[in-house]
There are 2 protein chains.
Amino acid sequence: LKRFAIIGHQAGPSGDFSLNDLPGSGGRIDILCRCANSSMLLSHGVREDVECYLVLAGDPEKQKTVRFSGSSIRSLSPDERSTGALIKKALSIPCGDVFRESSPGISVRQGGLKELLQEFSFAVLDEKGEDIRDTDRLPDSFLLSDSRNFTEEETGLISGLPAYSVGPEVLHADQAITVLLNEIDRRGI
Amino acid sequence: LKRFAIIGHQAGPSGDFSLNDLPGSGGRIDILCRCANSSMLLSHGVREDVECYLVLAGDPEKQKTVRFSGSSIRSLSPDERSTGALIKKALSIPCGDVFRESSPGISVRQGGLKELLQEFSFAVLDEKGEDIRDTDRLPDSFLLSDSRNFTEEETGLISGLPAYSVGPEVLHADQAITVLLNEIDRRGI
């Protein structure tokens, strides 16, 4: 199983954004939509061995995490608006500390990065990290930030985690996921 | 200069689509939006040495081509809807056989694949092509299709062109462009 987790620093947990203005009303939730799609989608289907965790960290005290699970997703369209609608639906249902399904393969819980770090061993995507092509053993779980840098608190939580980069240029998070998955595909892992 | 051309087989030339329904009303113009963005955008700016040609081939007799030029684009947002609005604006202005600018760095003309092939030497992105990592000399101009295969007429026009693939999995066109640009970045070309 491969995992990607993306921190949306401005995206709130309430889901009260407009599908007609994902970047503005959604606190750059368009970034999270693209990351979910680049994690899950191939040209002719879904990556069944990938999970994508979108952390809505816009309100630090009330964070939520939406999980896309390739093994059970039944339909996912590649356009941002459709994925935004799925996230909106997930955020609209009551949830506690345990993931609760809002659509097939999509679930939501309270909590954010801290909880994820207790469950999985992430590597961090970072322009100063080791090149993914140069490492013998590629990690299976990657943590990315949205258009903002990790906060001071997050930096504390992730200090010591291995860091990897995807090449000489700094890419958007969804682009970095696409490049990562291509390397994983090539290694057949 | 690197060039990407993407054929939108269902996207019409009139621009009378709704920004609230790019896939349906726009004939999968969401694909062209994503391809323009993956061609042009880095995390912190625009790729000044890239041109992206979107061919609106939904009406074979009245095709148009919208060109994004990284060297002169002044603002481009990474969300699909913003790029859809720029394409809509380009399609709304009268144009002839020569590119006419509709926004800074974005222009439009009549004509499609046939005209492009007369101007540039394209390689075709094709799952059966040579792996881009295995070739000594990477081409600088790539032709891609949207979610549909090339038509019989297009296949005739492009027969004989070199073909390249980006890896073991078949990706969406915008994902393939991201992987291609990563290989180009790494070679420093």
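Structure report, in brief. This structure is a prediction, so every number in the text was calculated from the model and none was measured.

### Some thoughts on helix α3 (residues 80-92) of chain B
In an α-helix there are 3.6 residues to a turn, and that puts residues three or four apart on one side. Residues and elements named next belong to chain B. For α3, spanning 13 residues, the distance from its first C-alpha to its last is 18 Å, which sits close to the expected 18 Å at 1.5 Å a residue. Here α3 has its buried residues at E80, T83, G84, L86, I87, A90 and L91. With its buried residues spanning 160° around the axis, α3 presents them on a single face.

### Considering the interface of chain B and chain A
Facing 33 residues of chain B, the contacting portion of chain A comprises 33 residues. In this assembly, chain B packs against chain A so that about 2900 Å² is buried in total across both faces, 50% of it on carbon and sulfur atoms. For the interface between chain B and chain A, the tally reads four salt bridges. Close ionic contact of D131 of chain A with R186 of chain B constitutes a salt bridge, the shortest N to O distance being 2.8 Å. Viewed at the interface, chain A and chain B are joined by 19 residue pairs in polar contact (both at pLDDT 80 or more). Among the elements of the structure, α2 (29-40), β2 (41-42), α3 and α6 (173-187) of chain B are those that each provide at least two residues to the side of chain B that touches chain A. Residue contributions to the side of chain B that touches chain A peak at seven residues, all from α6 of chain B. In the side of chain B that touches chain A, the residues fall into 10 nonpolar, 10 polar and 13 charged.

### Brief notes about the state of the cysteines
Residue and element names in this part refer to chain A. For the structure shown, the criterion picks out zero disulfides over all chains. Cysteine C35 shares no disulfide, and the gap to the nearest cysteine sulfur, in C52, comes to 6.6 Å. The class for C35 is buried, based on a relative accessible area of 0%. Here C52 falls in the buried class, since its relative accessible area comes to 0%.

### Remarks on the pattern of salt bridges
With the rule as written, the count across this model stands at 22 salt bridges over all chains. For E183 of chain A, the salt bridge is made with R187 of chain A, and the minimal N-O distance between the two is 2.8 Å. In this pair, E183 of chain A and R187 of chain A both sit in helix α6 (residues 173-187), four residues apart, roughly one turn of the helix. On the accessibility criterion, R187 of chain A (26% relative accessible area) is partly exposed. One salt bridge connects R47 of chain B with D185 of chain B, and the closest N-O pair in it is separated by 2.9 Å. With R47 of chain B in the loop between β3 (45-46) and β4 (50-56) and D185 of chain B in helix α6, this pair connects stretches of sequence that are 138 residues apart. This pair shows no difference in class: R47 of chain B is buried, exactly as D185 of chain B is. What you see here is one network of salt bridges that share partners, running through R28, D30, R34, E80 and D174 of chain A.

### Notes on the relation of the copies chain B and chain A
Laying chain B over chain A is done by rotating through 180° and shifting 0.0 Å along the axis; what remains is an RMSD of 0.0 Å. The transformation just described matches what one would write down for a two-fold rotation axis. It is V179 of chain B whose C-alpha, among those of chain B, lies nearest the rotation axis, at 2.8 Å. The fraction of interface residues of chain B whose copies in chain A are also interface residues reaches 100%, indicating that both copies meet through the same surface.

### Some thoughts on the packing of α2 of chain B against α6 of chain B
All names here are of chain B. Where α2 meets α6, the closest approach of the two axes is 8 Å, and the angle between their N-to-C directions is 10°. Between α2 and α6, the crossing angle belongs to the class labelled roughly parallel. Where α2 approaches α6, its residues R34, C35, S38 and S39 are matched on the opposing element by A173, D174, I177, T178 and L181. The residue inventory of the contact of α2 with α6, partitioned by class, reads four nonpolar, three polar and two charged.

### Thoughts on the sheet that holds strand β10 (residues 163-165) of chain B
All names here are of chain B. Across the sheet, eight strands lie side by side as β6-β7-β5-β4-β1-β9-β8-β10; this open sheet has mixed pairing. Whereas interior strands pair on both sides, the edge strands pair on one side only; in this sheet they are β6 (100-103) and β10. With strand direction ignored, the average angle separating the axes of adjacent strands in the sheet is 35°. Pairing between strand β1 (residues 2-8) and β4: seven bridges, direction parallel. Within β4, the position partnered with A5 by the bridge is Y53. Those strands touched by α2 are β1, β4 and β5 (64-69), and its axis lies near 170° from that of β4. Across the sheet, α3 lies against β4, β5, β6 and β7 (106-110), angled at about 125° from β5, the strand it touches most.

Reading guide: rules and limits
Residues numbered from 1 in each chain as written. Chains lettered and ligands numbered in written order. Predicted model: local features only at pLDDT ≥ 70, side-chain atom pairs only at ≥ 80, totals over all residues. Heavy atoms only, no water. Helix = DSSP H or I, 4+ residues; strand = E, 2+ residues; numbered from the N terminus. Expected span 1.5 Å × (residues − 1). Buried < 20%, exposed > 50% of the residue type's maximum accessible area, 1.4 Å probe, protein only. Arc of directions from axis to C-beta. Contact = heavy atoms within 4.5 Å. Buried area = accessible area lost by both parts, 1.4 Å probe. Salt bridge = Lys/Arg side-chain N within 4 Å of Asp/Glu carboxyl O. Polar contact = N/O pair within 3.5 Å; in protein donor to acceptor, adjacent residues only side chain to side chain. Nonpolar A, V, L, I, M, F, W, Y, C, P; charged D, E, K, R; others polar. Disulfide = S-S within 2.5 Å. Least-squares fit on C-alpha atoms with pLDDT ≥ 70 in both. Axes fitted to C-alpha atoms, helices over the stretch in contact; angles between N-to-C directions. Parallel < 35°, antiparallel > 145°, perpendicular 65-115°, else oblique. Pairing = 2+ DSSP bridges.

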